Amino acid sequence: MILRPAHLKEIQDALSVANRQGGRVSGVDLGALNRVLEYSPEDMTVTAEAGMNLVDLQRQLSERGQWLPLDPPQPKLVTLERVLSENLSGPRQFGLGTARDYLIGLKVALADGRVIKAGGRVVKNVAGYDLCKLFVGSRRTLGIIVEATFKLKPIPEEEVFLEARFDALEGVEGFLDRVLESELTPVALDLHNLGQADGSHAGEPTVVIGFAGAREDVAYQKELAMALGAMTESSLNHETRFWSEPTPVAHRLSVLPSRLVEAVPGIGNARYVARAGDGILWHRGGVAPERSGPVWELGERLRRAYDPNGVFAEYSL
């Protein structure tokens, strides 16, 4: 069944019945749970229901010059629940981090209908185990996230993106090493082979580097970056184009950042976008990475512990 609750009590009741009677929950629509519950601009924290659209939350926060520093693909289609349960992030994760870095409190409905809270609504909260991180990326296999509290950041004064194109991957690794060994502190460091929006340069490895912050600092960073090699003005348009393509699924491969460039040939001629500073490679087509080993085994153990009766349909971890 697919849950479309109007309030938390409906989620609890439905899960409780499913847990007792052997029911299965195959999907959740939290569209009705879409309110900001508490916003403290002075403390730079916000608590919202998990069905709230990320863009709507960012719009409200921007009125006070603040934002939640997360930039997942297709943000207009993404709720806070999806951001957290799928651990979604984008190019800026290199310099700004992921959802785990900003999440300070959670409310979760478990498979038997119980509701638990983890963390709190203030930044200085260190009591007990940090269960927040456990649920981030769990893909609804451990419970349904219904409410979240985040710490925020000021919106940067300036943001600039540059790119460098290469004839082959051989030149990319040396360039990335120079970037990482320099004084630069980029918020984004991507590698892709999508070419330009007009179709030119398709297949050519391209590094996109981004800077954000105070205007003077961004100008200085830009000057340093230009000295490292031939770079031109750019944007995050490659990210938008990659996630807007009709093929619905992109494979995800995680490697050490130092091994990212050598991992690219392994996906063949697939179109890709990689977080070059984080070692994450997304590609369309090619061979899907194998899902096995200790990480997957641990995920299954947690799933069985939190949902022994299999209420939640099996999602892909």
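Preceding block: the structure.
In this report, we go over the structure that sits alongside the text. Fair warning: this is a prediction, and the values are worked out from it, not measured in the lab.

1. Structural notes on the pattern of salt bridges
- This model, assessed by the stated rule, comprises 20 salt bridges.
- The partner of E86 in a salt bridge is R140, with the nearest N and O atoms 3.2 Å apart. Here E86 is found in the loop between α3 (80–85) and α4 (93–96), whereas its partner R140 is found in the loop between α6 (132–135) and β8 (144–151), with 54 residues between them in sequence.
- Between R165 and E163 there is a salt bridge; the shortest N-O distance is 3.2 Å.
- R165 sits in the partly exposed class, given a relative accessible area of 36%.

2. With respect to the sheet that holds strand β16 (residues 280–284)
- Taken in spatial order, the seven strands of this open sheet run β13-β10-β12-β11-β15-β16-β14, and their pairing is antiparallel. In this open sheet, the two edge strands, each paired with only one partner strand, are β13 (232–233) and β14 (251–254).

3. Description of the sheet that holds strand β7 (residues 115–119)
- Pairing in this open sheet of five strands is antiparallel, and the strands run β3-β4-β8-β6-β7 from one edge to the other. The two strands at the open ends of the sheet, each matched to only one other strand, are β3 (36–40) and β7. Going across the sheet, the axis of each strand differs from the next one's by a mean of 10°, ignoring polarity.
- Of the strand pairs in this sheet, strand β4 (residues 45–49) and β8 are connected by five bridges, and their pairing is antiparallel. Counterpart to E49 in the pairing with β8 is E147.
- Where helix α1 (residues 8–21) meets the sheet, its contacts fall on β6 (103–109), β7 and β8, and the angle it forms with β8 comes to roughly 140°.

4. Observations regarding unusual backbone geometry
- The phi dihedral of M44 falls on the positive side, at around 55°, and the residue is not glycine.
- Along the chain, the position of M44 falls in the loop between β3 and β4.
- On the accessibility criterion, M44 (24% relative accessible area) is partly exposed.
- Despite not being glycine, Q74 shows a phi value in the positive range, around 45°.
- Mapped onto the fold, Q74 is located in the loop between β5 (66–67) and α3.
- In this structure Q74 comes out as partly exposed when scored by relative accessible area, which is 39%.

5. Considerations on the pairing of β3
- The pairing of β3 with β4 spans four bridges and is antiparallel. If you follow E38 over to β4, its bridge partner there is T47.

The rules behind these values
- Residues numbered from 1 in each chain as written.
- Predicted model: local features only at pLDDT ≥ 70, side-chain atom pairs only at ≥ 80, totals over all residues.
- Heavy atoms only, no water.
- Salt bridge = Lys/Arg side-chain N within 4 Å of Asp/Glu carboxyl O.
- Helix = DSSP H or I, 4+ residues; strand = E, 2+ residues; numbered from the N terminus.
- Buried < 20%, exposed > 50% of the residue type's maximum accessible area, 1.4 Å probe, protein only.
- Pairing = 2+ DSSP bridges.
- Axes fitted to C-alpha atoms, helices over the stretch in contact; angles between N-to-C directions.
- Contact = heavy atoms within 4.5 Å.

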